[in-house]
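Below are the chains, spelled out letter by letter.
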Amino acid sequence: MTDQSPLSGYLARPGQSLEKHLSGVDTAGATLIDDGGQTAFGDNWSEVMRTLAWTHDIGKLTEYFQTYVRTGSRADAPKAELTYHGRFGGFVTLLALAAQGMSKETAAAGFFAVTKHHSVLPNMRSTINEYGGTNRQHITDRYDNAQRQLENVDSTASEAADVVLKRATGGTFGWFDFTTQGLETVRAALTDIRQSGFTESFYGCTLRAWATLVAADKSDASRLADASSFSEIRRPDSRALDGMVRGLSKTTLDDGSTAATYLETPNKRLPGRDTSLEQRLAALRTASNERAKLALQNHHAAGDRVFEITLPTGFGKTYSGLRAALSLADKLDSRVVYSLPYTSIIDQVDKEIQDVFGLSPLDPEYTIHHHLADTRTILESPSSGRETLHAESWRSGLILTTFTQLFESVAGPQNVQSMKLPALQDSVILIDEPQALSLDWWALLGRLTEYLSDEYNATIVFMTATQPRILEHLDGPDPKPLVNLQDDCAALLTDAPRVTFQLHESLQQHLDTNKTEPLSLADAADELDDAVGESTNLLSIVNTVGCAAELSEHLTEDRLALGEKLLTYLQSTNGQFDAESYLAYLAEHYPDTSSLVVSLTTRLRPIDRQALLQCLSRILDTETETPFDNIPTITVSTQLIEAGVDISFDRLYRDYGPIPAIVQAAGRCNRRFGGPAASVTIWRLDSPNGADYIPSQLIYGQRSLLRPTRTALAELRGHSAQTTLSESQMLTLGVETYYENLHNQRRTAERGDGLATAFDQAEGEKLRNASVVSQDFATQDVFVLVTDDDVTTHESYEQNRASQNWVRAKDDFQQLKSTLVSVPVKEESQGDQPLVVKVGDYSEDYDIKSGLGVILDGFSGDLEV
């Protein structure tokens, strides 16, 4: 007969043994912290996490908690607080870490991690005042409650507590040691920490300890840690991308070889100016791809961790970065995190990943994570709740996500958000177009880059078409360039420009006098009417949804909207969409169409926006036949189309904005480098009728982005006030002058930054409340239900919420995300659940034709979200 463990009979939660849970958290924590090295204060991370794993629930040994877990009621305890276990566990953890010779900073980090493992990290400088120094009554009450818990454990579970502490500390500290030192020792230690203060490394250390404990605790409780994909990183097969790049490198060069020769000899001499455009472009794309891959591996082996890839749009930046990252991740047996500025531009990258690797975001190798994505990993059937947890904790080998998910999770995460941090160990993080990050975050970006590379040994690669040089002006590691081909790219664009920039009269007069009226949307529509000719397609990018809707309404007076029959089609197929089928369906209903208008805004459902983009891509693809190939097409879009959308237009009109945004938008023009340079017209538009604002000022003026644009344009125009600017001028002198003036204006190298300071001063609450997406207005989420399946899934969601079946409710919500839109409203919503709009063939509550989308009472229609 075997001896029974003193821990036998104690529960962590209904139906789960406390001993099994603590052991499971220990195992999961060891997996998550593997190769973590030392804390910033010189202590071994593996030993720290072993301690936290065993001590975090030691407070559950009290009779108060055990009665509560069996009855579900806290009323049986003398005080409800006595059933809580976090703070008591934090006190025990502090002494257990100190007893192993760990620094007081690491011990304090462990205290906060355990105390808050079911909550969030606070502003620690103020919170530490609540535990040491003074004799205020509420502080004394905390220690009195902890003393009652200590005495209860001592009288009823001392042997079990001794087992926990011995396992937590490798036998160096037991329950007798804790009771001997007592809570006065805890209070004295916390008082000492309060008096000595925190170093700049303290928050990062605490953040990692807390996030790893939260992830280990939840992974064991959900049985996610039992899945093989928890400990094994399953990546997409990088050979698929290698093969695709080779397949794109078949252009024959002047020496008789193909561009694929640069995959074997990437530093081979590039074709000169006497060769064809096709040869030069193919060589540049292939050479940059292979050079990025090899340089990343070589510099990483030399100890560097922060890099940049700068390539103009159309020169292969996405594939260069992704291939380099996956190749390094293969060597490190780590994962790749690919982050983009907005949810609206993720779809194209997602499509390319799925096409190249033959993967779905539901596969264990690949996860797409943003607030509108169906973020799940299919591990088993029926669902156990692990599917969402696996995906949201980034256990896949390739994660496609947004700046919001990445930076907010690293800076000041919510409890569940923190679970993805352990996945960043040894990861390769691609940050695409970092200049799109809110200016308020630029200084913090440098601090987070330093933290990720130092604490998690992460490799960060900034990818940009416009050389923002953000980090050069901030404290933090300078990124090493992986591809030094900017001059070669600029030379090609000088010899064979894709676009030329035309300054419209409305902008010229504004730059010259600053007193002129902007161009009305009605007049803009007339100019677009005149500009679009037979078999011509053009794009007009505006700054707000309201502008997009009104401009579209003007243009559709005698044109067909591409979305005219989309809702009817989706209802007839119960949500199944095929672009070729829909275009045939539309042509059947409108056989005499002479011109099309496509309206794209973030106010449309993600599923509808993606459908319209798929159709537009087919229409503009010269190798694909559609019923609308020979008619003019005008696309009106907000900024969502400026990046991540592989569609090429013949001509572009862009409302006034920052130079990098204008350059990025120009990348949607003449992407195949065919024929003469396309025209990019920059004009200054007015607001919709009844509104009183200038869109460019509303969106960019408050962030002081137009002043450096104006200065840069003045320098480009020169004394002769040119109205036509070359692509190479804008890409080099224009962008450089813009950023130099922006940094001088903000004095980013000198100014103290609030968020970066908050990170160094351990202000967890301030960081948690900071948002990557800057908006000064309230929003309301809305489910827009179109098909029978949409309605059925929503009914299931409501029923599961009502019956508190949260696992199934979350699964339903994931499936409904493709129907979810956020609408600006004038007053904050009183509820936390999305509203519901059910639409028929066409609904006045959901305007898909103009892009205005959902219309609510209290709706603030002019703002972009």
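Analysis parameters
- Note on numbering: residues in each chain are counted from 1, in written sequence order.
- Per-residue local features of the predicted model are confined to residues with pLDDT of at least 70, and side-chain atom pairs are confined, for both listing and counting, to 80 or more; whole-chain, interface and lining totals are unaffected and use all residues.
- The basis for every side-chain value is the complete set of non-hydrogen atoms in the structure, without hydrogens or water.
- Under the DSSP-based scheme used, a helix requires at least four consecutive residues in state H or I and a strand at least two consecutive residues in state E, with every element numbered from the N terminus.
- Two things to know: the radius of gyration comes from C-alpha atoms, and the globule rule equals 2.2 Å times the number of residues to the power 0.38.
- Per-residue accessibility, obtained with a 1.4 Å probe over protein chains only, is compared with the maximum for each type, and a residue is labelled buried under 20%, exposed over 50%, and partly exposed between these values.
- We call two residues in contact whenever any of their non-hydrogen atoms come within 4.5 Å of each other.
- In this tally, Lys and Arg are treated as positive and Asp and Glu as negative; His is ignored, and so are the chain termini.
- We put the charge of a Lys on NZ, of an Arg on CZ, of an Asp on CG and of a Glu on CD.
- Strands qualify as paired when DSSP identifies two bridges or more between them.
- Fitted lines through C-alpha atoms give the axes, limited to the stretch in contact for helices. The angle between two N-to-C directions lies from 0 to 180 degrees.
- With respect to orientation, any angle under 35 degrees is reported as roughly parallel, any angle over 145 as roughly antiparallel, any angle of 65 to 115 as roughly perpendicular, and every other angle as oblique.
- Under this grouping Gly is polar, as are all residues other than the nonpolar Ala, Val, Leu, Ile, Met, Phe, Trp, Tyr, Cys and Pro and the charged Asp, Glu, Lys and Arg.
- Throughout, a crossing is termed right-handed when the near helix is turned clockwise from the far one, and left-handed when it is turned anticlockwise from it by less than a right angle.
- Aromatic pairs are defined between Phe, Tyr and Trp rings, using the six-membered ring for Trp, whenever the two ring centres lie within 6.5 Å; interplanar angles under 30 degrees are classed as stacked, those over 60 as edge-to-face, and all others as tilted.
- The set of buried Ala, Val, Leu, Ile, Met, Phe, Trp, Tyr and Cys residues whose side-chain atoms join them within 4.5 Å is what this entry labels a nonpolar core.
- Here, a disulfide means two cysteine sulfur atoms that sit within 2.5 Å of each other.
- What pLDDT expresses is the predictor's confidence in each residue, scored from 0 to 100.
- Should a side-chain nitrogen of Lys or Arg be within 4 Å of a carboxyl oxygen of Asp or Glu, the pair is scored as a salt bridge.
- N or O atoms closer than or at 3.5 Å make up a polar contact, with two conditions inside protein: a donor-capable atom paired with an acceptor-capable one, and, for residues adjacent in sequence, both atoms drawn from side chains.

Student: Whenever I open this one, the overall build of the protein chain confuses me. Can you help?
Tutor: Tallying secondary structure elements over the protein chain gives 34 helices and 22 strands in all. Scaling as 2.2 N^0.38, a compact globule of 865 residues should have a C-alpha radius of gyration of about 29 Å, and the protein chain matches this with 29 Å. For the protein chain, the spread of C-alpha atoms along the principal axes amounts to about 90 × 60 × 55 Å. Counting over 865 residues, the protein chain shows a buried share of 59%. Sequence-distant contacts, at least 24 apart, represent 78% of the contacts inside the protein chain between residues at least 6 apart. Counting 76 positive and 120 negative side-chain charges, the protein chain places the averaged centre of each group 5 Å from the other.

Student: Can you walk me through the sheet that holds strand E20 (residues 835-838) in this structure?
Tutor: Strand-to-strand pairing in sheets goes through backbone hydrogen bonds, with the strands running parallel or antiparallel. The strand order across the open sheet formed by 3 strands is E19-E18-E20, and the pairing between neighbours is mixed. Across the chains shown, the open sheet's two edge strands, defined by having one partner strand only, are strand E19 (820-825) and E20. Recorded for the sheet is a direction-independent mean angle of 40 degrees between the axes of neighbouring strands. As judged from the 6 bridges shared by strand E18 (residues 778-785) and E19, these two strands associate in the antiparallel manner. By the bridge assignment, glutamine 780 is partnered in E19 with valine 823.

Student: Would you mind going over the sheet that holds strand E12 (residues 560-561) with me for this structure?
Tutor: An order of E12-E13-E14-E11-E15-E16-E10-E17 is seen for the 8 strands of this open sheet, with the pairing classed as mixed. A strand with exactly one partner marks an edge of an open sheet, and here the two such strands are E12 and strand E17 (724-726). Taken strand by strand, helix H27 (residues 659-666) contacts strand E10 (499-503), strand E11 (537-541), strand E15 (651-655) and strand E16 (678-683), and its axis lies near 160 degrees from that of E15.

Student: How should the environment of aspartate 355 be read in this particular structure?
Tutor: Along the chain, the position of aspartate 355 falls in helix H16 (residues 346-357). Owing to a relative accessible area of 53%, aspartate 355 belongs among the exposed residues under this scheme. In sequence terms aspartate 355 and glycine 90 are 265 residues apart; their C-alpha atoms lie 49 Å from each other.

Student: Can you walk me through the environment of glutamate 517 in this structure?
Tutor: Along the chain, glutamate 517 turns up in the loop between helix H21 (505-513) and helix H22 (521-531). Using a relative accessible area of 64% as the deciding quantity, one classes glutamate 517 as exposed. Placed 447 residues apart in sequence, glutamate 517 and arginine 70 show a C-alpha to C-alpha distance of 72 Å.

Student: Explain the packing of H27 against helix H30 (residues 727-746) to me, please; I cannot follow it from the model alone.
Tutor: When two helices pack together, their arrangement is captured by the angle between the axes and the distance separating the axes. Where H27 meets H30, the axes come as close as 9 Å, and the angle between the chain directions of the two elements is 155 degrees. When the axes of H27 and H30 are compared, the pair comes out roughly antiparallel. For the pair H27 and H30, the contacting residues are Ile659, Pro660, Ile662 and Val663 in the first and Met730, Leu731, Gly734, Val735, Tyr738 and Tyr739 in the second. A breakdown of the residues in the contact of H27 with H30 according to their chemical character gives 9 nonpolar, 1 polar and no charged.

Student: I tried to follow the packing of helix H14 (residues 277-301) against helix H15 (residues 317-332) on my own but got confused; where do I start?
Tutor: As a packed pair, H14 and H15 sit with axes 8 Å apart at the nearest point and diverge in direction by 35 degrees. H15 is crossed by H14, and the crossing has right-handed handedness. Note on element contacts: H15 touches H14 through Tyr319, Ser320, Arg323, Ala324, Ala325, Ser327, Leu328, Lys331 and Leu332, opposite Ser288, Asn289, Glu290, Ala292, Lys293, Leu296, Gln297 and His300.

Student: Looking at this structure, I do not really get helix H23 (residues 545-555). What am I missing?
Tutor: Counting along an α-helix, one turn takes 3.6 residues, and residues three or four places apart therefore face a common direction. The element H23 is extensively covered by neighbouring structure, given that 9 of its 11 residues are classed as buried. Along H23, the positions that sit buried rather than exposed are Val545, Gly546, Cys547, Ala548, Ala549, Glu550, Leu551, Ser552 and Leu555. Residues of H23 that are buried sit in contact with H22, E11, strand E13 (596-600), strand E14 (633-637) and helix H28 (695-700).

Student: Got a minute to help me understand the environment of glycine 171 in this structure?
Tutor: With respect to the helices and strands, glycine 171 occurs in the loop between helix H8 (158-169) and helix H9 (175-196). Classification of glycine 171 as partly exposed rests on a relative accessible area of 45%. For glycine 171 and glutamate 365, which are 194 residues apart along the polypeptide, the C-alpha to C-alpha distance reads 40 Å.

Student: Sorry, what's going on with the packing of aromatic side chains here?
Tutor: Each aromatic ring pair is described using two quantities: the centre-to-centre distance and the angle formed by the ring planes. Taken as a whole and judged by the stated rule, the model has 26 aromatic pairs. Geometrically, the ring pair formed by phenylalanine 91 and phenylalanine 111 is stacked, given 5.9 Å between the ring centres and 5 degrees between the ring planes. Within this pair, whereas phenylalanine 91 is found in helix H4 (residues 86-99), its partner phenylalanine 111 is found in helix H5 (residues 104-115), the two being separated by 20 residues in sequence. Here phenylalanine 111 falls in the buried class, since its relative accessible area comes to 0%.

Student: Please clarify how helix H34 (residues 806-816) should be interpreted in this entry.
Tutor: Ala809, Asp811, Asp812, Gln814 and Leu816 are the residues of H34 that are buried. Contacts from the buried residues of H34 go to helix H17 (386-392), E18, helix H33 (788-802) and E19.

Student: Sorry if this is basic, but what is going on with unusual backbone geometry here?
Tutor: One can expect most non-glycine residues to show negative phi and most peptide bonds to be in trans. In this model, arginine 223 sits at a positive phi of 70 degrees, which is unusual for a non-glycine residue. The backbone of asparagine 574 sits at a positive phi, close to 50 degrees, despite the residue not being glycine. Among the secondary structure elements, asparagine 574 is positioned in the loop between helix H24 (566-572) and helix H25 (579-589). Given the relative accessible area of 28%, asparagine 574 is considered partly exposed.

Student: Just to check I follow, could you spell out the nonpolar core for this structure?
Tutor: Nonpolar side chains in soluble globular proteins tend to be buried together. Ranked by size, the top nonpolar core spans 230 residues in total, and within it Leu61, Phe178, Leu190, Phe407 and Trp441 carry the most contacts. Looking at this core element by element, the count peaks at 11 residues for helix H10 (residues 202-221). Among residues more than four places away in sequence, those in contact with phenylalanine 178 are Phe88, Phe91, Val92, Leu95, Leu150, Leu165, Phe173, Leu183 and Val186. In terms of nonpolar packing, the next biggest core, distinct from the first, is built from 20 residues, Val532, Ala548, Val597 and Trp683 among them.

Student: How should the state of the cysteines be read in this particular structure?
Tutor: Disulfides are covalent bonds that link the sulfur atoms of two cysteine residues. Under the criterion given, the structure shown has 0 disulfides. Looking at cysteine 489, it has no disulfide partner, and the nearest cysteine sulfur is the one in cysteine 669, 19 Å off.

Student: Explain the pairing of strand E5 (residues 366-369) to me, please; I cannot follow it from the model alone.
Tutor: Working note: regular strand, side chains alternate between the two faces of the sheet. With burial as the criterion, each face of E5 is covered, one bearing Tyr366 and Ile368 and the other bearing Thr367 and His369. Relative to strand E6 (residues 398-402), E5 runs parallel, the two being bridged by 4 bridges. Bridging from a neighbouring strand, tyrosine 366 pairs with leucine 398 of E6.

Student: Honestly, the confidence of the model for the protein chain in this entry has me stumped. Any pointers?
Tutor: Detailed conclusions should not be drawn from predicted coordinates in areas where pLDDT is low. Averaged over all residues, the pLDDT of the protein chain is 89; the fraction at 70 or higher stands at 92%. Every residue in residues 860-865 is under pLDDT 50, and counting partners more than four places away or in other chains gives 32 contacts.

Student: Hey, could you run me through the pattern of salt bridges in this one?
Tutor: Working definition: two side chains of opposite charge can pair if their charged atoms are close together. Applying the stated criterion to the full structure yields 31 salt bridges. Between glutamate 365 and arginine 234 there is a salt bridge, and its shortest N-O distance comes to 3.5 Å. Linking glutamate 365 in the loop between H16 and E5 with arginine 234 in the loop between helix H11 (228-231) and helix H12 (238-247), this pair joins segments that are 131 residues apart in sequence. Residue class for glutamate 365 comes out buried when judged on its relative accessible area of 16%. Bridged by salt links that share partners, the residues Arg235, Asp330 and Asp333 form one connected network.

Student: For this particular structure, what's the right way to read the side chain of histidine 56?
Tutor: Within the element layout of this structure, histidine 56 appears in the loop between helix H2 (45-55) and helix H3 (63-71). The exposure class of histidine 56 is buried, given its relative accessible area of 0%. A polar contact is formed between the side chain of histidine 56 and the backbone oxygen of alanine 53, at a distance of 2.8 Å. Residues in contact with histidine 56, not counting those within four places in the same chain, are His21, Leu22, Val25, His85, Val114, His117, Leu213 and Asp217.

Student: Teacher, can you tell me more about the side chain of serine 334 here?
Tutor: Checked against the element boundaries, serine 334 lands in the loop between H15 and strand E4 (336-340). Excluding its chain neighbours within four sequence positions, the residues that come into contact with serine 334 are Ile233, Arg235, Ala329, Asp426, Ser427 and Val428.

Student: Help me understand the pairing of E6 in this model?
Tutor: The buried fraction of E6 is high, at 5 of 5 residues. Of the two faces of E6, the one lined by Leu398, Leu400 and Thr402 and the one lined by Ile399 and Thr401 are each fully buried. Pairing analysis gives 5 bridges linking E4 to E6, with the strands arranged parallel. For valine 337, the partnering residue across the bridge sits in E6 and is isoleucine 399.

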